[in-house]
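Structural overview
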Amino acid sequence: MSRAALLVLADGRFPAGGHAHSGGAEPAVAEGRVRDADSLADFCRGRLHTAGLTAAALAAAAAHGLDPLALDEAADARTPSPALRTTARKLGRQMMRAARATWPSPELDALAAARPRGAHQPVVLGLTARSAGLGPVDAAHCVAYETVSGPATAVVRLLSLDPFHATAVLARLAPELDRVAEQAAEAARQGIDALPAASAPLLDITAEAHAAWPVRLFAS
Amino acid sequence: MSVRATARLRAEPDGRGGTALPVLESAGPLALRRTRSPRAAYARVTVVGAMSAPLNGDRLAIEADIADGARLTVDSAAATVALPGARADGEPSTYTVELGVGEGAVLHWLPEQLVSARGSDLRMTTRVRLAPTGRLLLREEQILGRHGEPTGALTTRLTVHRAGRPLLDQQLAYGPGAPGGWDGPAVLGGHRAVGQLLLADPAFEDAPLPARLLGPTAALTPLAGPAVLVTAVAADARLLRGILDDAMRELLDGLKTEQTG
C-alpha cells in the first residue's frame, strides 16, 4: 500500500464535493443543539459511532472486494431518509468522477455503468481505495474521518467557531476514529451479513427537515 | 436462574375467510393468548407477560410464521420491562423476534413499549422476512428508564428483508456501555423515548408516499423499497405513542382510500 495514496484520498481538497455538506450539523446548529466546541464534540462522537461506523464498514467491505451492488443495496436499507439517500448518491457520483480520473480501474467502470446516477458514496470510496491499492482499514479511516471533519468544518462557518477549537475536537476524537475504523474493517472481513447498521434517529429526522429549508448554507 | 424460552405461533387461512392458529405455544414468561379480533379476517394474539421479563441473562424468543393469505394482529398486554435481575454480574439478556410473512399475508406487529430499567442490559433483535406481496405494519418503541430513572443498556436491531433483499436495517444502542454520543445532539438530544413505525405494502411500489415531517422530532420517510418508516423521538412514552398513533391512523386510512378509491 502507498501511504501517500491514502493522503490523496483523505485530503479535504480531493475534488469529490464533500465540502458542500455539513453532515447534519447545520440543522443541529439551527436548533441550538450544537452551540460550542463541547456540543460539537458530542455531535461528532454520536455521528461517528452511528452513521460513521455504518458507512465506514460499507467502505471497508467494498475495499475488501465484496460485491459493490449488494453493498449499495445494503446502504439503501441502512438509510431510511430519502434526503440522505439522495445526498449519498450525489456524493457517490462526484467521487466516482474523481476516482476514475485518479485511479482508473475496470471495477470502478463497472459500478459507474451499473449505477449511472451514483452509488452510495461510501461504497464508491471503498472501491476507489481498492483501485488505489489501499486496504479496508484505510477506506474505513477515510470515511470515519469524513464523518466528523465535515461537521467540524461546517460549524466553524455556521457558528464562527475558532478553527483551532474545531481541529482540537477532531484531534481528541482520533483514538475513537481508529477504533471505529478497525471495527468497520473487522466486520467487513466477516462478510455482508456482519456489517453494522448503527443509526441516529435525530440525524435521520433533521435531514428531512433541512432538505425542505428554502435557504441553507450546506447541501445536507 | 436465567430463563431460556421460545414461544411459537403459526397463522394460516382457515378456509372460511378467517385465520386459524394451528400453532400457539407459550414458553417461560411469554404466554400467547388468542384474543378477540375486531376484524373478522384477522386472528389476534396477545402476548401476556406471565412474569416480569427479561432479566439479565435470560434468552427469550418469539417465532411467528404468517402463512400465505393469513392475517394476524399481535399485540401485548403490557410493556416489556428489561430488568437487571438478582445478580449484579449477570450476562446481558437477549430477546429475539423472528417473523415470516407469506404471499398475500398481513401481519400487524404492535407490541407495547420496551422499557429499559436501570441496571438492565438487553439485546433486542427483530428479523422479518416478507414475501413480495406480504404486508407488514410493525411498531417498536424504546423507553429509556422508568419514570425519573437513568436508562439501562439497550441495543436493538431491526432487519427486514423483502423478497430476499434488504429493505430496512437499523441498529440503536443506548445507555451505559453504548458508544459515546448516544445521548448527544446527533442521536437522541436528551430524548428518552424513541420509536419506529414501519409499513411495508406492495401498493407503495406504484404510489410511493413523499417524505414528510410529523412535528419537530418525527419524520415519515419512504424507504428505497415499497415501505414507509416513521422515526420519532420524544420526551416520554405517552408523547411518543401520540405521534406514532396519529401516523398509523393516517397511513392505514391512506391505504384504504388507495385500495377502494
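Model, not experiment: these values are computed from the prediction.

1. Regarding the overall build of chain A
Of regular secondary structure, chain A possesses 11 helices and zero strands. Going from N to C terminus, chain A has its helices and strands arranged as α-α-α-α-α-α-α-α-α-α-α. Here the C-alpha atoms of chain A give a radius of gyration of 16 Å, agreeing with the 17 Å that 2.2 N^0.38 yields for 220 residues. The C-alpha extent of chain A, read off along each of the three principal axes, is 45 × 35 × 30 Å. Counting all 220 residues of chain A, 58% fall into the buried class.

2. What to know about empty space enclosed by the protein
Following the criterion strictly, the structure yields one cavity of 30 Å³ or more and no others. Surrounding the largest cavity, Pro80, Asp204 and Ile205 of chain A together with Ala219, Thr221 and Thr231 of chain B form its lining. Sorting the residues of the lining of the largest cavity by element identifies helix H11 (201-211) of chain A together with strand S17 (218-222) of chain B as the ones contributing at least two each. In terms of residue class, the lining of the largest cavity is made up of three nonpolar, two polar and one charged.

3. So, the packing of helix H8 (residues 136-159) of chain A against helix H9 (residues 163-172) of chain A
Residues and elements named next belong to chain A. Where H8 meets H9, the closest approach of the two axes is 9 Å, and the angle between their N-to-C directions is 165°. With respect to their mutual orientation, H8 and H9 come out roughly antiparallel. Pair H8 / H9 crosses with right-handed handedness. Seen from H8, the contacting residues are Tyr145, Val148, Ser149, Ala152 and Val156; seen from H9, they are Pro163, Ala166 and Leu170.

4. What to know about the interface of chain B and chain A
Often the size quoted for an interface is simply the accessible area lost on bringing the parts together. If you look at the interface, chain B gives 34 residues, while chain A gives 32 residues. Of the roughly 2,500 Å² buried at the junction of chain B and chain A (both faces included), carbon and sulfur atoms supply 64%. For the chain B face of the interface with chain A, the top three residues by lost area are Pro185, Ala186 and Val187 of chain B, together amounting to 24%. On inspection of chain B and its partner chain A, the count reaches two salt bridges. Between Glu73 of chain A and Arg165 of chain B there is a salt bridge, with the nearest N and O atoms lying 2.3 Å from each other.

Conventions and cut-offs
- Throughout this document, residue positions are counted from 1 along each chain, in the order its sequence is written.
- Working convention: letters from A go to chains and numbers from 1 go to ligands, in the order in which they are written.
- It should be noted that, the model being predicted, local features are given only for residues of pLDDT at least 70 and side-chain atom pairs only at 80 or more, the latter also being counted only at that level, while totals for whole chains, interfaces and linings use all residues.
- Excluding hydrogens and water, the side-chain figures rest on all heavy atoms present in the structure.
- Every helix listed is a DSSP run of H or I at least four residues long, and every strand listed is a run of E at least two residues long, numbered separately from the N terminus.
- Restricting the calculation to C-alpha atoms gives the radius of gyration, and the globule rule supplies 2.2 Å times the number of residues raised to the power 0.38.
- Any residue under 20% of the maximum accessible area for its type is buried, any over 50% is exposed, and the rest in between are partly exposed; the area is computed with a 1.4 Å probe on protein chains only.
- Only protein atoms enter the 1 Å grid used here. Points where a 1.4 Å probe fits but cannot escape make up a cavity, open sets with protein on both sides within 12 Å along at least five of seven lines make up a pocket, and a residue lines them when an atom lies within 4 Å of a point.
- Grid points are joined across faces, edges and corners, and a volume is the space filled by probe spheres set on the points.
- Amino acids outside the nonpolar list (Ala, Val, Leu, Ile, Met, Phe, Trp, Tyr, Cys, Pro) and the charged list (Asp, Glu, Lys, Arg) are all regarded as polar, and Gly is one of them.
- Here an axis means a line fitted to C-alpha atoms, over the contact stretch when the element is a helix, while the angle between two N-to-C directions is reported on a 0 to 180 degree scale.
- Under this scheme an angle from 65 to 115 degrees is roughly perpendicular, one under 35 degrees roughly parallel, and one over 145 degrees roughly antiparallel; angles in between are oblique.
- Crossings are assigned a handedness: left-handed for a near helix turned anticlockwise from the far helix by less than a right angle, right-handed for a clockwise turn.
- Whether two residues touch is decided by their heavy atoms; if any such pair falls within 4.5 Å, the residues are in contact.
- Buried area: the sum, over both parts, of the accessible surface (1.4 Å probe) that disappears when the two are put together.
- Salt bridge, as used here, is a side-chain nitrogen of Lys or Arg placed within 4 Å of a carboxyl oxygen of Asp or Glu.

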